[in-house]
Amino acid sequence: MALRTNFYVNFAAYPKDFKSLPIGIFDSGTGGLTVAEKIISLDHFDNITGESGRKDEILDFAGESFIYLADQANMPYGRYDAAGKTDFLNDVCAHMIFKCHKNVALCSFEVPDKAAHTARLVRLGVGRQDLSSYSEEDLRPVMECLEQHLRHIDMGEVPPTAKNILVRAMTIHRTLPLHALVVDPYLFIEPEGGSRVSETQAIKRILTQFQSWGRQNRVWVIVVAHPRKLSKVGGSNELERIDMYTIAGSANWANLADFIISISRIRPGDEEGTEAD
């Protein structure tokens, strides 16, 4: 009996002629759309002779179909959580809500469970991780503060485009004037324009939309991004320093963002901490 898993493929049911199957492109998010664009628009071969390097004004894959799989359930790949980004973001949100009494709308793809995110913020509001000794009455001031100043944006079945996120943020803003909109992380945002839009173009559009809406409505828009794969410095095990130019996807982050804060995990001596630049 064949082992069946969620990833089981019944090859016996496949077409005998593999040429009829689409070409699959797999990536951890939407970043691979730039690669897909290059493949689809490639004209490097003569389609009649098959000779390399002889463009014939006919796309090499004109007769092919493609399936692009963005594994957003498991992205981003790598140990980005080790940078302490999520903890830092929670600290920022908690400071805005509990210390500054600012109104925050949170669109979190990283922690989509509203109850889980609220629980983390409650711990930060109380200043303790273990709340077992606290009664409901003890926690009431913190909970009331969250209810007053925090709103979660749930995309539901609507595509998570920048436009749709801003529509929901605007709905909140009309009844609760927002001071900040937090989107975590940007990799879950679907680009508008389909696969023909390059990653650079998609990021520019996303940031421009957020920036324009934020300035028009006087709302800070905080967008979380992950670094690209970092290179090792001088052949050692030490990775290059994270800055605005190591953000995955595009230099538009450095060009369009008003402020960029880079978060790194540091280990001075035997201690461990998070460094923000």
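Analysis parameters
Residues numbered from 1 in each chain as written. Predicted model: local features only at pLDDT ≥ 70, side-chain atom pairs only at ≥ 80, totals over all residues. Heavy atoms only, no water. Axes fitted to C-alpha atoms, helices over the stretch in contact; angles between N-to-C directions. Helix = DSSP H or I, 4+ residues; strand = E, 2+ residues; numbered from the N terminus. Parallel < 35°, antiparallel > 145°, perpendicular 65-115°, else oblique. Left-handed = near helix turned anticlockwise from the far one by under 90°. Contact = heavy atoms within 4.5 Å. Nonpolar A, V, L, I, M, F, W, Y, C, P; charged D, E, K, R; others polar. Phe/Tyr/Trp six-rings, centres within 6.5 Å; stacked < 30°, edge-to-face > 60°. Buried < 20%, exposed > 50% of the residue type's maximum accessible area, 1.4 Å probe, protein only. Core = buried A, V, L, I, M, F, W, Y, C linked by side-chain atoms within 4.5 Å. Salt bridge = Lys/Arg side-chain N within 4 Å of Asp/Glu carboxyl O. Pairing = 2+ DSSP bridges.

Caption draft 1: Structural context of the packing of helix α3 (residues 114-126) against helix α4 (residues 136-149). Across the interface, α3 lies against α4 with an axial gap of 10 Å and an inter-helix angle of 125°. As the angle between them shows, α3 and α4 are arranged oblique. As α3 runs across α4, the sense of the crossing is right-handed. Between α3 and α4, the contacting residues are T118, L121, V122, G125 and V126 on the first element and L139, V142, M143 and L146 on the second. Tallied by class, the residues present in the contact of α3 with α4 amount to 7 nonpolar, 2 polar and no charged.

Caption draft 2: Representation of the packing of aromatic side chains. Tallied over the entire structure, the rule returns 4 aromatic pairs. Here F61 and F66 contribute two aromatic rings whose centre-to-centre distance is 6.0 Å and whose plane-to-plane angle is 70°, an arrangement assigned as edge-to-face. Centre to centre, the rings of W220 and F259 are 5.8 Å apart; their planes meet at 50°, and the pair counts as tilted. Of this pair, W220 sits in strand β6 (residues 220-223) while F259 is found in the loop between α7 (252-256) and β7 (263-266), placing the two residues 39 residues apart along the sequence. Given a relative accessible area of 55%, W220 falls into the exposed group.

Caption draft 3: Fine view of the nonpolar core. I153, I165, L181, V183, I189 and F210 are the most contacted members of the largest nonpolar core, which has 26 residues in total. At the level of secondary structure, the elements contributing two or more residues to this core comprise β3 (104-108), α5 (162-175), β5 (180-184) and α6 (199-217). F98, V104, V142 and C145 belong to the second largest nonpolar core, which has 19 residues in total.

Caption draft 4: Up close: the pattern of salt bridges. Tallied over the entire structure, the rule returns 3 salt bridges. A salt bridge links E51 to R54; the shortest N-O distance between them is 3.5 Å. Given the relative accessible area of 44%, R54 is considered partly exposed. For R215, the salt bridge is made with D258, and the minimal N-O distance between the two is 2.8 Å. On the criterion of sequence distance, the pair formed by R215 in helix α6 and D258 in the loop between α7 and β7 is long-range, its members being 43 residues apart. D258 gets classed as partly exposed once you look at its relative accessible area, which sits at 48%.

Caption draft 5: View of the sheet that holds β6. Strands sit in the order β4-β3-β5-β6 across an open sheet of 4 strands; the sheet is parallel. Taken across any chain shown, the strands that pair with only one partner, and hence form the sheet edges, are β4 (150-152) and β6. Taken over all neighbouring pairs, the strand axes of this sheet differ in orientation by 15° on average, direction set aside. Alignment of β3 against β5, held across 5 bridges, turns out to be parallel. When the sheet's bridge partners are listed, A105 is paired in β5 with L181. Lying over the sheet, α4 contacts β3 and β4, oriented at roughly 65° with respect to β4.

Just geometry here; none of it tells us what the structure is for.
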